[in-house]
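Close look at the chain arrangement
Listed below, chain by chain, are the residues.
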Amino acid sequence: MLKERDFITRLSNYLRARFAFLSISTWEESRVISDIRRICEDENIIKTKRNLYTWSVTDGLVSETGKSNTRLKQPIQVLDEIAKIDEPSVFVLKDLHVFLGGEGRQTDYQVVRKIRDLVQSIENAPNPKNVILLSPSITFPIELEKAVMSVDYHLPSFEEIKEVLYEMIEMNKNNPRIVIDLSEEEEEQVIRSALGLTLQEAENSFALSLVLDGRIDINTVDHVLSEKQQIIKKSEVLEYIPEKISMENVGGLENIKRWLIKRNHSWVGQANDYGLPAPKGLLITGVPGCGKSLIAKAVSSLWNLPLLKLDMGRVFSGIVGSSEENMRKALETAEAIAPSILWIDEIEKGLAGTNSSGDSGTTSRIFATFLNWMQEKTSPVFLVATANDIQRLPAEFLRKGRFNEIFFVDLPTKRERKAIFKIHLEKRLKSEKAKGTFSLSEETYDHLADLTEGYIGAELEQIVISALFEAFAESRGLQMKDIEKAIAETVPLSITQAEQITRLREWASVRAVAATLSDDRQEYVNVEDEEKKKPNDPEILSKRGGRMLEF
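Residues numbered from 1 in each chain as written. Predicted model: local features only at pLDDT ≥ 70, side-chain atom pairs only at ≥ 80, totals over all residues. Heavy atoms only, no water.

Database annotation for the protein, UniProt heading Sequence similarities (unreviewed entry): "Belongs to the AAA ATPase family. Highly divergent." (UniProt positions renumbered as here; feature names shortened; annotations may be inferred.)

Next comes the structure, spelled out in structure tokens:
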């Protein structure tokens, strides 16, 4: 993400090099004009100080002294005036883009021609002059593509948002109805959560916290994330996932949970004391329906970060060249609201055509863009990619350094099946009518887990739902026979896709880390006894479905 000093340096270099026309796209007029003013007034930056003028169709041409010429409200008039002024100057023209066409607007070719006429005269003027076109977004007609240089503008820095928060606190500190309750760590978390917003958006989210809650505290982060949600909604490729799933709602997978818990708050300043970078991401593969997507959603809740889902299907559109642009915009949006979590579900399907030329190389180019972003990104965007058939992914995607770790999610163990049954039964049996005399006990969960060896988590959930429909149809409480009947009628995935699961386990035995703790996995193979006889035997390792690293 562009930093303030980078923008100041780059813009000042363009001004000193006498670039006639520059373009800056931003919603923050006041902030960018303040930065331009700072450049114009500082001889150490610009060498030759310059007068600053601003123009709009409502105010005309206004100098820094406040003197305005309200007669110059038309673009042709102000461009004529710029040609006449012979002092060192910078002219900021607001919203001139509405005269340049694009997005259904009609192009004013007289304005286009005037700009082209001015380029050389401004470059050769005895005193330096520059024109900056300032607008939220701008599309240039082909005649001006080589005449105007675009300059990226940075989003507010940590210190700038901190100043906004402090101003808000200072304004309300004597209000008896307002509570300010932030520790040093919580304050940093609130500020960092607002990175990616404009100053106005950050101020709005803090104000919303005061209006709705009457306080600024750690829960202010939720209001900031709500503001970021509005940004994501404008993207056609990214989807904001508001659903909050606690880690307690994920049955089993304790190894991956430990890994994630240890990295909580790793994007805040305290991690810098240990010289730690923000974690890059996880690739989670394994048996379908065993909790991969659930983990992605739970990370958002655990880390209190916005969860964005990248739909690879929406990336590929029918217009030539637009697919690559869709991917770039999606990644830019994810970075703009960082720290954030970017989730790509079943990523192997989106990248399946990487080695094919059937789509004129579109998939390969998108893949290259994505790989480069993964390697070069500096913004704290944590990538969570899930894959059912990881062998379909290109080898370069899996090399060390792309992800922090690759986890394999196997069929639930007995302990995990007990946890899954407990979660779904306790979540649904809230009323006495539905529960009846059904016992929510360890003995019940133990019995159900024994009956469902080889069943995936999604199947266990549907078994509970099917059993409850039996009870609902007869207007009575749930009974054990209902669940046992649902189990008997369910053919588990481990039978219908036995060969695929075996192949997945063989791949994961040496390439991925088991998402389940070793103590939970003894039902598949007595690891200790068999490894004493055949240490590192591939067949034994394949039954474990992942290396036995623990976090």
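Before going further, it helps to spend a moment on the packing of helix α6 (residues 158-172) against helix α8 (residues 199-213). Taken N-terminus to C-terminus, the directions of α6 and α8 make an angle of 35°; their axes are 10 Å apart at the nearest point. The handedness of the crossing between α6 and α8 comes out as right-handed. Taking contact as the criterion, the partners of E160, I161, V164, L165, M168 and N172 in α6 are, on α8, L199, A202, E203, F206, A207 and L210. When the residues that make up the contact of α6 with α8 are grouped by side-chain class, the tally is 9 nonpolar, 1 polar and 2 charged. (Axes fitted to C-alpha atoms, helices over the stretch in contact; angles between N-to-C directions. Helix = DSSP H or I, 4+ residues; strand = E, 2+ residues; numbered from the N terminus. Left-handed = near helix turned anticlockwise from the far one by under 90°. Contact = heavy atoms within 4.5 Å. Nonpolar A, V, L, I, M, F, W, Y, C, P; charged D, E, K, R; others polar.)

What follows is about α6. In a regular helix each residue adds 1.5 Å, so 15 residues correspond to 21 Å; α6 covers 21 Å between its end C-alpha atoms and thus fits that length. Among the residues of α6, E160, I161, V164, L165, M168, I169 and N172 are the ones counted as buried. Buried-residue contacts for α6 involve α2 (29-41), β10 (179-180), α7 (184-193), α8 and β11 (215-216). (Expected span 1.5 Å × (residues − 1). Buried < 20%, exposed > 50% of the residue type's maximum accessible area, 1.4 Å probe, protein only.)

It is a general feature of regular strands that their side chains alternate between the two faces of the sheet. Taken across its 5 residues, strand β1 (residues 21-25) has 4 buried, putting it largely inside the fold. Of the pairings in the sheet, the one linking β1 to strand β8 (residues 129-135) comprises 5 bridges and is parallel in character. Within β8, the position partnered with S25 by the bridge is S135. Bridging between β1 and strand β9 (residues 148-151) involves 4 bridges; their strand directions are parallel. Following the sheet pairing, F21 is matched in β9 by V148. (Pairing = 2+ DSSP bridges.)

This part takes up the sheet that holds strand β17 (residues 405-409). Pairing in this open sheet of 7 strands is mixed, and the strands run β12-β14-β15-β16-β13-β17-β18 from one edge to the other. Only two strands of the sheet have a single neighbouring strand rather than two, namely β12 (238-240) and β18 (513-514). Taken together, the 5 bridges between strand β13 (residues 281-286) and strand β16 (residues 381-387) define a ladder with parallel strand orientation. Counted as the bridge partner of G281 is L383 from β16. Each of β12 and β14 (307-310) touches helix α9 (residues 220-233); the most contacted strand, β12, lies at about 150° to it.

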